[in-house]
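Observations on chain architecture
Listed below, chain by chain, are the residues.
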Amino acid sequence: MGDNGLHMDLLAPENDRAEAEVKSGVGEGRLAKVVVITSGKGGVGKTTSAAAFAAGLALRGHKTVVIDFDVGLRNLDLVMGCERRVVFDFINVINGDANLNQALIKDKRNDNLFIFPTSQTRDKDALRREGVARVLEELKQQFDYIICDSPAGIEHGAITALYFADSAIIVTNPEVSSVRDSDRIIGILASRSRRAERNEPPVELHLLLTRYDTGRVARGEMLTVDDVKEILSIPLLGVIPESESVLRASNTGTPVAFDEDSPAGRAYLDAVARFLGEQREMRFVQPERRGFLKVLFGRA
C-alpha cells in the first residue's frame, strides 16, 4: 500500500459507503459486459477515453466500474479525481489482501460510477490471469458494464485486459503510426482473446478516433475519417475533436463527458449513445463554418 496507508483512517467512511452501495444490490441480477479501451500506441487519449466512456454510461443510468490495468503507471485515479482516496487496489484484491468492496471507490459526482485503481508499486506480472478472471466474475454480479483501461501496446497488462474482452474500443489518432499499431491490436483480439480460444462469437470491435483536427486534415497533415476507416475496417463509434477541454478535464480530475458544453464532452456522449444502439449524427468531422464577424476580425 505504500504511503496510501496514511490515509486509511480518513478514508474509511467513504470506503464504508462504497461497500454499502455495492452490498445493497448495485447491479443485482445483472451480468456485465467487459469493455476494453485499448490502443496500439501511447499518448492517444486512451485513459481519458476510458474515464469519459465510463462516465457517459453512468450518466445513462448504467452501473459502471472502470478498472486501471496499467500496473506501475497508474493514471486513471488522477483522471477520475480520486487519487487521494486510494487505499486498496486491483492487485491487493487479486492477491487476497483486500476484498472487492474495500478497493472500489464510488465517484463523488454520479452514484452509478465506481473506480477500481491499480498499484503503482507492483510489477505488471502481478496481473495473474486466474486472479483477474475471479475478480471480473465477481464484478459481473454487481455491474452493467466493466470498463478496462488497458495499457497501450501488447505488453503483459494489455494482453491480459484484451483476453477478457466482450467488446473493445480501439482508440487511435488520425496518424499513420497510430493507425498501423491499432491494426496489430485488432489482430490480437481476433486470435488471442478468451472468446477466440473458446470458439465463441468474436469480440465486438469499435473505432474511436481522437484528437481530430479538421483544419489539419484539410491541409493534408492528418488522415481523414474515411482513410482510417478504410485501413482498419471496423465500425466507427465516434470522432473526438481536438479540444482544450480534454486537457482541462484531466488536470481537474473530471471526466470530460461530464462537461456537456465542450465539443469533446458532447462527442463522447454521442459515442456512448451509439454504443448503446442509438443513431446519432457524426459531428465534428467537417470544418466549422465561420461567421462573417469572426472572419472579419480573424477569430477562430
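How each quantity is defined
- Residues numbered from 1 in each chain as written.
- Predicted model: local features only at pLDDT ≥ 70, side-chain atom pairs only at ≥ 80, totals over all residues.
- Heavy atoms only, no water.
- Helix = DSSP H or I, 4+ residues; strand = E, 2+ residues; numbered from the N terminus.
- Expected span 1.5 Å × (residues − 1).
- Buried < 20%, exposed > 50% of the residue type's maximum accessible area, 1.4 Å probe, protein only.
- Arc of directions from axis to C-beta.
- Contact = heavy atoms within 4.5 Å.
- Axes fitted to C-alpha atoms, helices over the stretch in contact; angles between N-to-C directions.
- Parallel < 35°, antiparallel > 145°, perpendicular 65-115°, else oblique.
- Left-handed = near helix turned anticlockwise from the far one by under 90°.
- Nonpolar A, V, L, I, M, F, W, Y, C, P; charged D, E, K, R; others polar.
- Pairing = 2+ DSSP bridges.
- pLDDT = per-residue confidence, 0-100.
- Polar contact = N/O pair within 3.5 Å; in protein donor to acceptor, adjacent residues only side chain to side chain.

**Concerning helix H8 (residues 176-192)**
- An ideal rise of 1.5 Å per residue puts 24 Å on 17 residues; H8 measures up with 24 Å between its terminal C-alpha atoms.
- Within H8, burial applies to Ser178, Val179, Ser182, Ile185, Ile186, Ile188 and Leu189. For H8, the angular spread of buried residues about the axis comes to 165°, placing them on one side. Exposed residues on H8 whose side chains face more than 90 degrees from its buried face are Val176, Arg180, Arg184 and Ala190.
- Check the buried side of H8 and you find it contacts strand E1 (33-38), helix H7 (156-163), strand E6 (167-172), strand E7 (204-212) and helix H11 (225-232).

**Details of the packing of H7 against H8**
- Two numbers describe how H7 lies on H8: the axes approach to 10 Å, and their chain directions differ by 55°. Of the possible angle classes, the one that applies to H7 and H8 is oblique. Two packed elements cross with a definite hand, and for H7 against H8 that hand is right-handed. Residues Ile159, Leu162 and Tyr163 of H7 pack against Ile185, Ile188, Leu189 and Arg192 of H8.
- Of the residues belonging to the contact of H7 with H8, the class tally is six nonpolar, no polar and one charged.

**Here we look at helix H13 (residues 263-275)**
- In this model H13 runs 18 Å from its N-terminal to its C-terminal C-alpha over 13 residues, within 8% of the 18 Å that 1.5 Å per residue would give.
- For H13, the tally of buried residues reaches 11 of 13 residues, placing the bulk of the element in the interior.
- Of all the residues in H13, the buried ones are Ala264, Gly265, Ala267, Tyr268, Leu269, Asp270, Ala271, Val272, Ala273, Arg274 and Phe275.
- Phi turns positive, to about 100°, at glycine 277, one or two residues after H13.

**Regarding the sheet that holds E7**
- Spatially, the eight strands line up as an open sheet ordered E3-E4-E2-E5-E1-E6-E7-E8, and their pairing is mixed. Each edge of the sheet is formed by a strand with only one pairing partner; in this case those strands are strand E3 (105-106) and strand E8 (236-241).
- For E3 and strand E4 (residues 113-116), the ladder comprises two bridges, and the chain directions are antiparallel. When the bridges of E4 are listed, lysine 106 appears paired with phenylalanine 114.

**Points about the packing of helix H2 (residues 46-59) against H13**
- Two numbers describe how H2 lies on H13: the axes approach to 9 Å, and their chain directions differ by 65°. In the packing of H2 onto H13, the handedness of the crossing is right-handed. Along the contact surface, H2 presents Thr48, Ser49, Ala52, Phe53, Gly56, Leu57 and Leu59, while H13 presents Tyr268, Leu269, Ala271, Val272 and Phe275.
- The residue makeup of the contact of H2 with H13, split by class, is nine nonpolar, three polar and no charged.

**Examining the environment of arginine 184**
- Within the element layout of this structure, arginine 184 appears in helix H8.
- Sequence separation of arginine 184 and glycine 40 is 144 residues, and the distance between their C-alpha atoms is 7.0 Å.

**Some details on the confidence of the model for the protein**
- Scored by pLDDT, the protein has a mean of 86; 85% of the residues are at 70 or more.
- In this model, residues 1-29 is a region of pLDDT below 50 whose contacts with residues beyond four sequence positions or in other chains number 42 contacts.
- Note that residues 290-300 has pLDDT below 50 and, in this model, six contacts with residues that lie over four places away or in other chains.

**Details of the pairing of strand E2 (residues 64-68)**
- With five of five residues buried, E2 lies mostly within the body of the structure.
- Neither face of E2 is open: one carries Thr64, Val66 and Asp68, the other Val65 and Ile67, and all of them are buried.
- Bridge analysis of E2 against E4 gives four bridges, and the strand direction is parallel. If you follow threonine 64 over to E4, its bridge partner there is leucine 113.
- Inspection of the sheet shows E2 paired to strand E5 (residues 145-149) by five bridges, in the parallel sense. Residue pairing in the sheet places valine 65 in a bridge with isoleucine 146 of E5.

**Regarding the environment of histidine 156**
- With respect to the secondary-structure elements, histidine 156 resides in helix H7.
- Histidine 156 sits in the partly exposed class, given a relative accessible area of 34%.
- With 29 residues separating them along the chain, histidine 156 and leucine 127 place their C-alpha atoms 8.0 Å apart.
- Filtering out sequence-adjacent residues up to four positions away, histidine 156 remains in contact with Lys124, Asp125 and Leu127.
- A polar atom in the side chain of histidine 156 sits 3.0 Å from the backbone oxygen of leucine 127.

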